[in-house]
Amino acid sequence: MKFMKYAVFFYTSVGIEPYTIDSRPKKVSLWSNLLFWANVINLSVIVFGEILYLGVAYSDGKLIDAVTVLSYIGFVIVGMSKMFFIWWKKTDLSNLVKELEHIYPNGKAEEEVYRLDNYLRSCSRISITYALLYSVLIWTFNLFSIMQFLVYEKWLKIRVVGQTLPYLMYFPWNWHENWTYYVLLFCQNFAGHTSASGQISTDLLLCAVATQVVMHFDYLARVVENQVLDGDWNENSRFLAKTVQYHQRILRLMDVLNDIFGIPLLLNFMVSTFVICFVGFQMTVGVPPDIMIKLSLFLFSSLSQVYLICHYGQLIADASSSLSLSAYKQNWQNADIRYRRALVFFIARPQRTTYLKATIFMNITRATMTDLLQVSYKFFALLRTMYIK
């Protein structure tokens, strides 16, 4: 499907086939399996080393180093959780995509009625921008130590940088000035790419599915509002029955969507609360300008990710609730009394807003981002107080 192509690209880069459908048969290859498990094993080893470093830094009283590595660990947790849940829920996701294909506009005429091009352009524009933002973020972090070495030591010759790695980890040996440095540098860059791709791919998949759900809600609202009613009960009742069936189909899609993405979204919001706090704290302790640029990019990317999810949650909520208003705008005054009575029940269902959910604990709208930032700031203030004391 056109909506899914960017998400599939990033899933493929980490060896995951997110779903199978009739038009896209199953592709199981030795290379994909090797790539997936190489990504998983490498990322697990790297995050284990970061956790060990966290323990050492905390025991030595190095609060800033501990906070720095915590932000890295949080980034990895979000990426790994999203990868594994998509891998685990592949069957459910395949059924969801098949259902989306069944109700997808068929032919140029239907595409124009659904206004498919508008939704596709919007989804593509947001997907490309978001993917570029996160790609710039991760490769800025991955290549930062190399750029410091080349600029400060080799080009400007203003200080000795030496061999440094992108991320803080504990090592039981001295990796400086020997071949293991290059192996570790590759492994950390590989892990950074894996974690970022896990987040980018799942976020883009969520955006693609959410965009199509909104498209169907909007199309149904226009059909309901523009339907010309008369006193023919048989014809009007058939129209209402088809409308209810279509609405129920969209609601079932939302149930499956929430089942697949609910737990990853909950983990995403929980971890992002702390990551935003930790990155903001690092920016207030007097870091050099080049580190400030790197941290600003990290903070902006984390905020963009949260806003992207909240934005699509708001679009779904608005589109679902607008259906009741569209039904009220019908010329129901001309309809049979039985149709009017039935329409009351139809109007009542969309008034119970359909939400994108992070499990049962959270309905996601733009207000969710406000709540998250408030919690993040409270932890930031606590962390600043601990650091000053």
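Throughout, residues of each chain are indexed from 1 in the direction in which the sequence is written. The predicted nature of this model means local features are confined to residues of pLDDT at least 70 and side-chain atom pairs, given and counted, to a pLDDT of 80 or more, with totals for whole chains, interfaces and linings taken over all residues. Based on all heavy atoms of the structure, the side-chain values leave hydrogens and waters out of the count.

### Some points on the environment of Y307
Numbered from the N terminus, helices here are DSSP runs of H or I no shorter than four residues, and strands are runs of E no shorter than two. Position of Y307 relative to the elements: it lies in helix 9 (residues 289-328). Relative accessible area serves as the criterion here: at 40%, Y307 is assigned to the partly exposed category. Counting along the chain gives 61 residues from Y307 to T368, while the straight-line C-alpha distance between them is 9.0 Å. Note on contacts: a residue pair is in contact if any heavy atoms of the two residues lie within 4.5 Å. When residues no more than four places from it in sequence are discounted, the contact partners of Y307 are R366 and M369. Throughout this description, buried means an accessible area under 20% of the type-specific maximum (1.4 Å probe, protein chains only), exposed means over 50%, and partly exposed covers the range between.

### Some thoughts on the UniProt feature "transmembrane region" (unreviewed entry) in the chain
UniProt positions are given in the numbering used here, feature names are shortened, and annotations may be inferred rather than shown by experiment. This chain's UniProt record puts "transmembrane region" (unreviewed entry) on residues 34-56, 63-88, 128-152, 260-285 and 291-310. Helix makes up 100% of residues 128-152 and strand 0%, with an end-to-end C-alpha separation of 33 Å. End C-alpha atoms of residues 260-285 are separated by 40 Å, and the span's content is 92% helix alongside 0% strand.

### A short note on helix 8 (residues 233-283)
Taken as a whole, helix 8 carries its principal kink of about 50 degrees at F261; the proline P264 stands between one and four residues after it. Polar contacts, as used here, are pairs of N or O atoms within 3.5 Å; protein pairs need one atom able to donate a hydrogen and one able to accept it. Residues neighboring in sequence count only if both atoms are side-chain atoms. Two or three places before N234, at the opening of helix 8, D232 has a side-chain oxygen 3.2 Å from that residue's backbone nitrogen. Note on bend: at a given residue it equals the angle between the axes fitted to the 7 residues ending there and to the 7 starting there.

### Structural notes on the side chain of S320
Here S320 shows up in helix 9. Those residues in contact with S320 that lie beyond four places of it in its chain are F217, P350, T353 and T354.

### Description of the pattern of salt bridges
By salt bridge we mean one thing: a side-chain nitrogen of Lys or Arg within 4 Å of a carboxyl oxygen of Asp or Glu. As enumerated under the stated definition, the model contains 6 salt bridges in all. D259 serves as the salt-bridge partner of K89, at 3.3 Å between the closest nitrogen and oxygen. Separated by 170 residues along the polypeptide, K89 in the loop between helix 3 (63-88) and helix 4 (90-102) and D259 in helix 8 bring together distant segments of the chain. Sharing partners across several salt bridges, the network here consists of K89, D92 and D259.

### Considering the packing of helix 3 against helix 8
Angles run from 0 to 180 degrees between N-to-C directions of axes, and those axes are lines fitted to C-alpha atoms, restricted for helices to the stretch in contact. At their nearest, the axes of helix 3 and helix 8 sit 9 Å apart, and the two run at 165 degrees to each other. Considering their axes alone, helix 3 and helix 8 lie roughly antiparallel with respect to each other. Between helix 3 and helix 8 the crossing geometry is left-handed. Residues are grouped as follows: nonpolar covers Ala, Val, Leu, Ile, Met, Phe, Trp, Tyr, Cys and Pro; charged covers Asp, Glu, Lys and Arg; every other residue, Gly included, is treated as polar. Taken together, the residues of the contact of helix 3 with helix 8 break down into 19 nonpolar, 6 polar and 1 charged. Roughly parallel refers to an angle under 35 degrees, roughly antiparallel to one over 145, roughly perpendicular to one between 65 and 115, and oblique to any angle outside these ranges. Crossings are classed by handedness, with left-handed meaning an anticlockwise turn of the near helix from the far one by less than a right angle and right-handed meaning a clockwise turn.

### Looking at unusual backbone geometry
With a phi close to 60 degrees, R115 is a non-glycine residue in the positive phi region. Structurally, R115 is set in the loop between helix 5 (108-114) and helix 6 (116-155). In the Ramachandran plot, T359 falls in the positive-phi region, its phi being about 60 degrees despite a non-glycine side chain. By the secondary structure assignment, T359 is in the loop between strand 1 (356-357) and strand 2 (363-364).

### Digging into the nonpolar core
What is meant by a nonpolar core is a set of buried Ala, Val, Leu, Ile, Met, Phe, Trp, Tyr and Cys residues, joined one to another through side-chain atoms within 4.5 Å. M4 and L205 are the most contacted members of the largest nonpolar core, which totals 94 residues. For L205, the residues in contact, after removing those within four places along its chain, are M4, A7, Y11, I86, L93 and F261. In terms of nonpolar packing, the next biggest core, distinct from the first, is built from 20 residues, L165, W175, L184 and C187 among them.

### A short note on the packing of aromatic side chains
Each aromatic pair joins two rings of Phe, Tyr and Trp (for Trp, the six-membered one) with centres within 6.5 Å, and gets the label stacked for planes under 30 degrees apart, edge-to-face for over 60, and tilted for any other angle. Counting across every chain of the model gives 26 aromatic pairs. Between the aromatic rings of F75 and F298, the centroid separation amounts to 5.8 Å while the plane-to-plane angle is 80 degrees, which identifies the pairing as edge-to-face. Taken together, the positions of F75 in helix 3 and F298 in helix 9 put the pair 223 residues apart, joining distant regions of the chain. The exposure class of F75 is buried, given its relative accessible area of 10%. Ring geometry for F274 versus F379: centroids 4.7 Å apart, planes at 50 degrees, classification tilted. One end of the pair, F274, is in helix 8; the other, F379, is in helix 11 (residues 366-388), with 105 residues separating them in the sequence. You can call F274 partly exposed: its relative accessible area is 35%.

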